[in-house]
Amino acid sequence: MVLPEDELVEYFRAQMRKDPDMASAVAAIRTLLEFLKRDKGETILGLRENLTWATDCLTGVDSSVAVSSGGELFLRFISLTSLEHQDLSRCKKVMEERGELFLEKISMSRTKVAKLCHTFIKDGAKILTHSYSRVVLRVLEKAAAEKKRFSVYVTESQPDSAGRQMAEALRKLNVPVTVVLDAAVGYVLEKVDLVIVGAEGVVESGGIINKIGTYQMAVCSKAHNKPFYVVAESFKFVRLYPLNQQDVPDKFKYKADTLKTVQNLSEEHPIIDYTPPSLITLLFTDLGVLTPSAVSDELIKLYL
Amino acid sequence: MADSGVTDGPNKKDEIERVKSEGKDLTKEEKQRLRKEKKQQKKNKEKKDDKASQESEKEKKSATSAAPASQPPTQLPAQKAPSAVPAPAPVPVPASEAPAPADKPAKSKAELKAERRARQEAERASKQGKKGEVGQQAPQGKSKAPPSELQPVVKRLPEHIQVDNPDVLKKLAKKLERQQTPGYNAATKIPLRSDYGYKVSLFSHLHQYSRKAPLTQQLSIPSTVIHPAIVQLGLQYSQGIVAGSNARSVALLHAFKQVIRDYTTPPNEELSRDLVNKLKPYISFLNQCRPLSASMGNAIKYIKKEISNIPSQCKEEEAKSKLLNCIDCYINEKIVLAAKAIAKYSIEKISDGDVILVYGCSSLVNHILCEAFEKSRKFRVIVVDSRPRLEGREALRRLVQRGISCTYVLISAVSYILPEVSKVFLGAHALLANGYVMSRVGTSQIALVAKAFNVPVLVCCETYKFCDRVQTDSFVSNELDDPDDLIVTRKGKTQLEDWHQVDSLGLLNLVYDVTPPDFVDLVITDLGMIPCTSVPVVLRVKNVDQ
């Protein structure tokens, strides 16, 4: 193990600090790429095992779904090429090149998503969004750049008040923004034209895992017949299939530190929830604009 | 062709008359009229062919080099022609030229035009190869495109759902007779099973047989056309001794193994072709005993493919052992190992403290529950049952034997116990290409009530049960079981025993129904967990693999 666990974690945190705008999954993938470069393993199988171990370490630091899905996809992408070379170092070089390519692709993904989504925001639209999502911010930036006039309602999103951060960022763009209570979603929905949220993970059924409060928002928008849009990059697609809220694995529901320190998880509040595909109108990804049923097709293509 | 139906032995005539008495009554004049019309249609078609070939020659003479934009019209008629040609039926239908009777002229005209077009395309393709000039084809394509675009795409219905059409029945009778090996007399042919009792009008297009009159009683001894293992299998199917999708497929494959073992290639014949022809009458016979299921259909397709892929240089012993091996592999991969894979995925979905509802007796669901119990998951099961088959009792027996705590209810109590249930596990007979689940009658009811209570519904199905058919309701294609099964004797009184006497009374014993994909939350297959809408993707991936 050339790169021991704490160094790995330190590198990861450094990446996160360097660019706070970067998704945690991208930082994780950068870390994994660095790990790959420094790894002195003798066999490809050994290399794979090390990478899987590294992904697990990183999930232990930041328990979001995207980190684990990003890591798995990274591993798949780099090994999805002919590794028939006799020389291990040549194989490693090929894998590193693929890794760089993967990183390049996903750093472009937010721009692609923004390009697809901003056309759905019409002039004079009132948008509701939940908590702080960098992808949604990018979409709204693009829409503002296209000289569209719109106003935004953001939920406060307790327990960490991430909604206020979002409101700050939007004020800088000169977009009229109102912060509402999480409990006021039903009240505000009749004034709103569309709902856009980000996602921490997109599951096989086409549903999403996102900050707690998203499910409520989806149910209310269904009741009001307002379109519910989700924006997510493709590296967030994960091979989970929850049937209901209870079925989401505990390791995603709580923050990583909580998982390590707390004995009785039933007293803790989960920080994410699951929104089933029947409540989602469309998903905007860098693979295109998808309906929830098309997500499974894309996943089959990615993984099988 | 029509004449042979009259000049055969007396048995044939009796059967046709019995068949006709159920449907329309065709008098002699009507029969003659039909015969004349068929001849007319043949003549018309030949005339059209001559005209068409004359037209095409004229156009070729006046052809000029056309722009590449006219290429798409060439593609269009080429694409419409194969789609207008009849869709493949589950039982091979003989390629008769004019099957439709006088009251459906539009259908036969369209079919004739389609066949003519298909032949023209073939001619055109061969000429294209010779000349290598594309420009000449374009103006032909253009002129053909407008008529083809106006023509609706007509597909031929499979014959097992046209029971109320007497011509289809006549055709079936002739086909069964034709499938006997040449050289044997009419007494050793495959008999046509006749329908029993009054059929409810909504389902009059389906067969309804009586269990008390098995097909094997009409077979003469010695029945040299049909292998005894197949006769045994047919009897087991029709009497319900072998029931359940997996059991029927496995029994079928074992019977075919026996057939292959006892097979000897006749002189001057090739094993790959002759064996397939030998299997055809067996399959028709089994279809008469009980309609084939989707899984059996897929298994038969696989075997036929394997047989026809046998190289001609292969020695008979080698070929036979190869085929037996293939069949064993198929059973192992698609059924046994698939069950293990599905159990592995399902166990992730069963958590401690679950209350699981199952319906009827599905071998796969029972396997999953037993495996989960071995892996020490703590759950209890509610078995829902329904008349007249009462298959739930068998499931109950199997589960209780393993020590799983079970509750038993009838389907009428399903909305009463559903608030207690945390998950519903259902088996499937087949998964259709549009995501609908075809399963034992009562399944869609349970899925509907579960949806209303927000209880997740999981369907477990192996991939060999996926079929290309599309169905949105349970009426179009179904199976009618023996109506006498619904008669029950309680306290010495049998209420329905004289149901034949009452003219307006019909007993309906449906076997299958279809569940729409909105009610199903998850499908667990050997490839993994997929949503119901992804079935066509799996079919596509499978076809690419093959």
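Just so it is clear, the structure is predicted and the values come from calculations on it, not from any experiment.

*Asks:* Help me understand the overall build of chain A, please; the structure alone is not making it clear to me.
*Replies:* Helix and strand content of chain A: twelve helices and ten strands. For 304 residues, the compact-globule estimate of 2.2 N^0.38 gives 19 Å, and the C-alpha radius of gyration of chain A, at 20 Å, lies within 12% of that figure. The C-alpha extent of chain A, read off along each of the three principal axes, is 65 × 45 × 35 Å. For chain A, with 304 residues in total, the buried portion stands at 53%.

*Asks:* Looking at this structure, how should I read the domain arrangement of chain A?
*Replies:* A common way to state how big an interface is: give the accessible area lost once the parts meet. All names here are of chain A. Looking at chain A, the domain boundaries give domain 1 (5-107) and domain 2 (113-303). Computed from C-alpha atoms alone, the centre-to-centre distance between domain 1 and domain 2 is 27 Å. With 22 residues of domain 1 at the interface, the matching set in domain 2 holds 17 residues. Of the roughly 1600 Å² buried between domain 1 and domain 2 on both sides combined, carbon and sulfur atoms contribute 59%. Linking domain 1 to domain 2 there are zero salt bridges. Applying the counting criterion to the domain 1 and domain 2 interface returns two residue pairs in polar contact (both at pLDDT 80 or more). Put simply, the parts of the chain that give the side of domain 1 that touches domain 2 at least two residues each are helix 2 (24-38), helix 3 (44-61) and helix 4 (65-79). A per-element tally of the side of domain 1 that touches domain 2 places helix 4 first, with eight residues. Residues belonging to the side of domain 1 that touches domain 2 are distributed by class as follows: ten nonpolar, eight polar and four charged.

*Asks:* Please explain unusual backbone geometry as it appears in this structure.
*Replies:* The residue after Gln158(A), namely Pro159(A), is reached through a cis peptide bond having omega 10 degrees. By the element assignment, Pro159(A) lies in the loop between strand 2 (150-155) and helix 7 (162-172). Pro388(B) follows Arg387(B) through a cis peptide bond whose omega is -5 degrees. Residue position: Pro388(B) is located in the loop between strand 2 (379-385) and helix 14 (392-402). Positive phi is not limited to glycine here, since Asn225(A) has a value of about 60 degrees. When you line up the elements, Asn225(A) lands in the loop between helix 9 (214-223) and strand 7 (228-231). Judged by relative accessible area, which is 70%, Asn225(A) ranks as exposed. The phi angle at Ser376(B) is positive, at roughly 55 degrees, despite the residue not being glycine. Secondary-structure assignment places Ser376(B) in the loop between helix 13 (363-374) and strand 2.

*Asks:* Teacher, can you tell me more about the interface of chain B and chain A here?
*Replies:* Contact residues are listed per partner, giving 13 residues for chain B and ten residues for chain A. In total, chain B and chain A occlude about 1100 Å² of area from one another, counting both sides; carbon and sulfur atoms represent 61% of this. Taken together, the connections running from chain B to chain A amount to one salt bridge. The residue Asp247(A) makes a salt bridge to Lys349(B) at a minimum N-O spacing of 3.1 Å.

*Asks:* How should I be thinking about the side chain of Ser293(B) in this particular structure?
*Replies:* All names here are of chain B. If you trace the backbone, Ser 293 turns up in the loop between helix 10 (271-289) and helix 11 (294-308). Among the residues examined, Ser 293 registers a relative accessible area of 5% and is labelled buried. With near-sequence residues (within four places) excluded, Ser 293 lies in contact with Ser 245, Arg 248 and His 429.

*Asks:* What's the story with the packing of helix 2 of chain A against helix 3 of chain A in this structure? I'm lost.
*Replies:* Working note: a packed helix pair is described by the angle between its axes plus the distance between those axes. Residues and elements named next belong to chain A. Between helix 2 and helix 3, the shortest axis-to-axis distance is 10 Å and the interhelical angle comes to 145 degrees. Crossing handedness for the pair helix 2 and helix 3: right-handed. Contact residues: Ala 28, Thr 31, Leu 32, Phe 35 and Leu 36 in helix 2; Leu 47, Asn 50, Leu 51, Trp 53, Ala 54, Thr 55 and Leu 58 in helix 3. Along the lines of polarity and charge, the residues of the contact of helix 2 with helix 3 split into nine nonpolar, three polar and no charged.

*Asks:* Could you clarify how one ought to interpret the pattern of salt bridges in this entry?
*Replies:* Residue and element names in this part refer to chain B. Taken as a whole and judged by the stated rule, the model has 32 salt bridges over all chains. As a salt-bridge pair, Arg 380 and Glu 420 come within 3.1 Å of each other at their nearest N and O atoms. Of the two residues, Arg 380 sits in strand 2 while Glu 420 sits in the loop between helix 15 (414-417) and strand 4 (423-427), which places them 40 residues apart along the sequence. Each of Arg 211, Arg 389, Glu 391, Arg 440, Asp 481 and Asp 485 takes part in a single network of salt bridges with overlapping partners.

What counts and what doesn't
- Residues numbered from 1 in each chain as written.
- Chains lettered and ligands numbered in written order.
- Predicted model: local features only at pLDDT ≥ 70, side-chain atom pairs only at ≥ 80, totals over all residues.
- Heavy atoms only, no water.
- Helix = DSSP H or I, 4+ residues; strand = E, 2+ residues; numbered from the N terminus.
- Rg over C-alpha atoms; globule rule 2.2 N^0.38 Å.
- Buried < 20%, exposed > 50% of the residue type's maximum accessible area, 1.4 Å probe, protein only.
- Domains from an automatic or database assignment.
- Contact = heavy atoms within 4.5 Å.
- Buried area = accessible area lost by both parts, 1.4 Å probe.
- Salt bridge = Lys/Arg side-chain N within 4 Å of Asp/Glu carboxyl O.
- Polar contact = N/O pair within 3.5 Å; in protein donor to acceptor, adjacent residues only side chain to side chain.
- Nonpolar A, V, L, I, M, F, W, Y, C, P; charged D, E, K, R; others polar.
- Axes fitted to C-alpha atoms, helices over the stretch in contact; angles between N-to-C directions.
- Left-handed = near helix turned anticlockwise from the far one by under 90°.

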